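# Analysis of the macromolecular model
Given next are the chains, with one letter for each unit.
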Amino acid sequence: MEPFTLDTGATAWILVSAALVLLMTPGLSLFYGGMVRARTVLNMMLMSFTAMAVVAIAWTIGGYSIAFGTDVGGVLGNPLEHIGLAGTDEQSLLAESGVPFLVAAGFQMTFAIISTALISGAIADRVKLGTWMVFAAVWVLVVYAPLAHMVWGGGLLSADGPFAALAEPVDFAGGTVVHINAGVAGLVLALVVGARKGFGTDPMKPHNLPLVMLGAALLWFGWFGFNAGSAGTADATAGLAWVNTTVATAAAMLGWALVERLRDRHVTSLGAASGVVAGLVAITPAAAALTPITSIVLGLIAGACCALAVGLKHRFGFDDSLDVVGVHLVGGLVGTILIGVLAADGGLLFGGGVSLLVVQVLVAVSAIIVSGVLTTVIALALKYTMGWRVSESDERAGIDIAHHAESGYDLAGALASRRERPTPLGAGSFPVSPAGGSTSEPRNPAPGAEEPAAPTDPTAEDVRTVTTGEPR
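Description of the structure in this document. None of the values given here were measured: they were computed from a predicted structure.

Conventions used here
- Residues numbered from 1 in each chain as written.
- Predicted model: local features only at pLDDT ≥ 70, side-chain atom pairs only at ≥ 80, totals over all residues.
- Heavy atoms only, no water.
- Helix = DSSP H or I, 4+ residues; strand = E, 2+ residues; numbered from the N terminus.
- Buried < 20%, exposed > 50% of the residue type's maximum accessible area, 1.4 Å probe, protein only.
- Contact = heavy atoms within 4.5 Å.
- Areas by Shrake-Rupley, 256 points an atom, 1.4 Å probe, with all protein chains shown as cover.
- Patch = residues over 30% accessible without salt bridge, like charges linked within 9 Å, V, L, I, M, F, W, Y side chains within 5 Å.
- Salt bridge = Lys/Arg side-chain N within 4 Å of Asp/Glu carboxyl O.
- Axes fitted to C-alpha atoms, helices over the stretch in contact; angles between N-to-C directions.
- Parallel < 35°, antiparallel > 145°, perpendicular 65-115°, else oblique.
- Left-handed = near helix turned anticlockwise from the far one by under 90°.
- Nonpolar A, V, L, I, M, F, W, Y, C, P; charged D, E, K, R; others polar.
- Phe/Tyr/Trp six-rings, centres within 6.5 Å; stacked < 30°, edge-to-face > 60°.
- Expected span 1.5 Å × (residues − 1).
- Polar contact = N/O pair within 3.5 Å; in protein donor to acceptor, adjacent residues only side chain to side chain.
- Disulfide = S-S within 2.5 Å.
- Core = buried A, V, L, I, M, F, W, Y, C linked by side-chain atoms within 4.5 Å.

## Re the overall build of the protein
- Of the regular secondary structure elements, the protein holds 14 helices and two strands.
- Residues classed as buried in the protein amount to 53% of the 472 residues present.
- Contacts in the protein between residues far apart in sequence, at least 24 positions, make up 74% of those at least 6 positions apart.
- Taken as a whole, the protein presents about 19,000 Å² of accessible surface, with 66% of it coming from carbon and sulfur.

In structure tokens, the structure reads:
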């Protein structure tokens with residue numbers, strides 16, 4: 001083992017990249033939060049924030065060691081080797097780039113966090129937060145970390161595995177480990193948990209599209225840390241990944257918009273935001289393997305495929321609430337498999353033959369099987385112990401109020417929390433309105449003045465159809 005030499009420039013780049021990737025999870029909370037109904041926006045956002053909390057601790061205690069410890073049978077790393085993120089800088093994943101052990105481990109932590117949070121969109125509006133938090137902790141240890149080891153830690157799906165005899169597998173930043181993995185997990189949970197009450201009959205439109213677009217913007221911004229940061233240092237590979245991430249995402253947005261225009265005769269802001277995410281997903285495994293031109297091709301294909309794929313849940317009857325399957329599973333498959341066609345080194349179109357394409361398909365299928373089987377075991381175990389679903393009455397009333405004693409919007413001056421109480425009336429005070437907030441007029445209006453109309457709360461049940469509807 002060679003002595004470690006610190007590179008402050010590379011270390012600074014990875015620290016910044018880690019912060020960008022961590023920002024993706026709050027960005028995801030905005031993206032998902034705007035897509036659900038108003039009465040569950042806080043619960044949806046909490047699922048992302050609690051994933052940050054739970055996964056960070058699980059990764060520190062054992063997740064990193066399982067992912068990147070010394071290989072055990074090609075399936076996982078030694079779970080006892082790096083407990084508590086113990087390790088020397090010579091053992092750093094990015095030791096060759098001069099990046100310390102803890103910096104590289106922290107960068108990988110942010111990948112585990114966003115991968116877990118992505119799954120939550122498939123089960124929006126209907127699950128217990130406690131069960132979700134337990135799932136997140138177990139899933140990152142039992143599913144994510146072993147798959148990360150198989151692909152990036154020298155396991156069966158890596159350059160050291162059996163497929164490498166045919167061609168070296170390519171997954172630059174997480175097409176299999178992050179997106180196919182999360183997409184399959186989302187599908188499994190959607191099937192195990194079951195559909196929302198009223199799925200297929202009640203309108204379930206996103207309640208806040210500006211929130212969705214803001215979330216997509218933050219995801220795009222953070223994704224530069226995700227892809228360019230995966231180069232391990234600030235070099236030409238990072239620059240290529242940055243450019244490819246930009247142009248593929250732009251092309252995917254246009255590809256999604258084209259499908260909407262031809263199919264629905266209009267282009268939507270939700271479609272544009274979803275196209276952005278589809279492009280980001282697809283370019284993730286291929287960011288350093290393609291040229292800018294082939295990245296545009298990949299983005300166009302991914303945007304169109306994902307726009308078509310989000311309708312599969314209606315055809316097959318599973319309630320993937322926010323299209324984790326249609327965007328992340330399908331986008332991850334498109335990006336991973338088309339590397340075998342579009343890669344500048346070894347791709348089918350560039351004289352490389354079919355070897356790389358076959359390997360990319362085998363790796364993608366292997367990831368589906370591993371994630372599907374292990375996630376099913378975890379999901380069923382939790383179903384029959386803790387239980388996944390909130391009560392039907394809580395689901396229909398809204399999880400925010402029923403389980404968190406809060407409302408995402410207090411437009412009528414309603415109490416934002418059950419902990420708050422109206423103050424007693426006194427000199428200069430105003431009476432409390434029926435909605436629970438203070439009115440803006442004195443108790444005795446001037447003679448002849450009309451009583452102000454009672455304010456309405458758009459999160460209330462009697463205007464449910466305004467704030468609900470199908471995301472796509």
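## Quick notes on a nonpolar patch on the surface
- The grouping of Leu254, Ile293, Ile296, Val297, Leu300 and Ile301 at the surface amounts to a nonpolar patch, some 500 Å² of accessible area in total.
- Examining the composition of the nonpolar patch, we find that five residues originate from one element, helix α9 (residues 292-309), more than from any other.
- Note that Val297 resides in helix α9.
- For Val297, a relative accessible area of 35% translates into the label partly exposed.

## Observations concerning the packing of helix α4 (residues 129-152) against helix α5 (residues 175-193)
- In the contact formed by α4 and α5, the axes pass within 10 Å of each other and the chain directions differ by 140°. Taken as axis vectors, α4 and α5 run oblique relative to one another. Here α4 runs over α5; the crossing is right-handed. Contact with α4, carried on its side by Phe135, Trp139, Val143, Tyr144, Leu147, Ala148, Val151 and Trp152, involves Thr176, Val177, Asn181, Ala185 and Leu189 of α5 and no other residues of that element.
- The residue makeup of the contact of α4 with α5, split by class, is 11 nonpolar, two polar and no charged.

## A word on the packing of aromatic side chains
- A complete count under the given rule lists 15 aromatic pairs for this structure.
- Between Phe111 and Trp152 the ring centres are 6.2 Å apart and the planes differ by 85°, which places this aromatic pair in the edge-to-face class. Linking Phe111 in helix α3 (residues 101-119) with Trp152 in helix α4, this pair joins segments that are 41 residues apart in sequence.
- Their ring planes at 40° and their centres at 6.3 Å tell us that Trp139 and Tyr144 sit as a pair that is tilted.
- Ring-pair connections join several aromatic residues into one group, and the members of that group are Trp59, Tyr64, Phe68, Phe101, Trp132, Phe135, Trp139, Tyr144 and Trp388.

## Some points on helix α7 (residues 236-264)
- With 29 residues, α7 ought to run about 42 Å at 1.5 Å a step, and its terminal C-alpha atoms sit 41 Å apart, in line with that.
- For α7, the side-chain oxygen to backbone nitrogen distance between the N-cap and Thr237 is 3.2 Å, and the N-cap itself is Asp235.

## Re α3
- Spanning 19 residues, α3 covers 28 Å between terminal C-alpha atoms, matching the ideal 27 Å at 1.5 Å per step.
- For α3, the buried fraction is high: 17 of the 19 residues fall into the buried class.

## What to know about the environment of Ile83
- With respect to the helices and strands, the residue Ile83 is situated in the loop between β2 (76-77) and α3.
- Taking relative accessible area as the criterion, Ile83 reaches 44% and is therefore assigned partly exposed.
- Along the chain, Ile83 and Tyr64 lie 19 residues apart, while their C-alpha atoms are 8.0 Å from each other.
- Among all residues touching Ile83, those that are not within four sequence positions of it are Thr60, Ile61 and Ser65.

## Re the pattern of salt bridges
- Tallied over the entire structure, the rule returns nine salt bridges.
- Measuring nitrogen to oxygen at the nearest pair gives 4.0 Å for the salt bridge that ties Arg396 to Asp202. Here the residue Arg396 occupies a position in helix α13 (residues 392-397), and Asp202 occupies one in the loop between α5 and α6 (209-227), the gap between them amounting to 194 residues.
- Across the salt bridge formed by Glu395 and Arg389, the nearest N and O atoms sit 2.9 Å from each other.
- Relative accessible area serves as the criterion here: at 3%, Glu395 is assigned to the buried category.
- One connected set of salt bridges, linked through shared partners, spans Arg37, Asp125, Arg126, Arg196 and Asp319.

## Here we look at the packing of helix α1 (residues 8-35) against α6
- Where α1 contacts α6, the axes come no closer than 7 Å and their chain directions differ by 160°. Viewed along their axes, α1 and α6 adopt a mutual orientation that is roughly antiparallel. Handedness of the crossing formed by α1 with α6: left-handed. Counting all contacts with α1, which are made through Ser17, Leu20, Val21, Leu23, Met24, Gly27, Leu28, Leu30, Phe31, Gly33, Gly34 and Met35, the residues of α6 involved are Leu211, Val212, Leu214, Gly215, Ala216, Leu218, Leu219, Phe221, Gly222, Trp223, Gly225 and Phe226.
- Looking at the contact of α1 with α6, its residues break down into 17 nonpolar, seven polar and no charged.

## Focus on the state of the cysteines
- On inspection of all chains with the given rule, the structure shows zero disulfides.
- Of all cysteine sulfurs in the structure, the one in Cys306 sits closest to Cys305, which takes part in no disulfide; the separation is 6.8 Å.
- Judged by relative accessible area, Cys305 falls into the partly exposed class, the value being 31%.

## Looking at the nonpolar core
- Judged by nonpolar contacts, the single largest core of 125 residues is most densely connected at Phe31, Phe135, Tyr144, Phe226, Leu298 and Trp388.
- Excluding residues that lie within four positions of it along the chain, Phe135 makes contacts with Ile119, Leu189, Thr375, Ile378, Leu382 and Trp388.

## Considerations on the environment of Met133
- Mapped onto the elements of the fold, Met133 is located in helix α4.
- Taking the C-alpha atoms as reference, Met133 lies 10.0 Å from Met52; in sequence the two are 81 residues apart.
- Once residues within four sequence positions are removed from consideration, Met133 is found in contact with Thr50 and Val54.

## Comments concerning the environment of Ala272
- Inspection of the secondary structure puts Ala272 in helix α8 (residues 269-283).
- A relative accessible area of 18% means that Ala272 is categorised as buried.
- For Ala272 and Met253, which are 19 residues apart along the polypeptide, the C-alpha to C-alpha distance reads 5.4 Å.

## Thoughts on unusual backbone geometry
- Unusually for a residue other than glycine, Asp125 sits at a positive phi of about 80°.
- For Asp125, the location among the structural elements is in the loop between α3 and α4.
- The exposure class assigned to Asp125 is buried, which follows from its relative accessible area of 2%.
- At Ala405, a position not held by glycine, the phi torsion is positive, near 55°.

The quantities given are spatial measurements derived from coordinates; they are silent on function.
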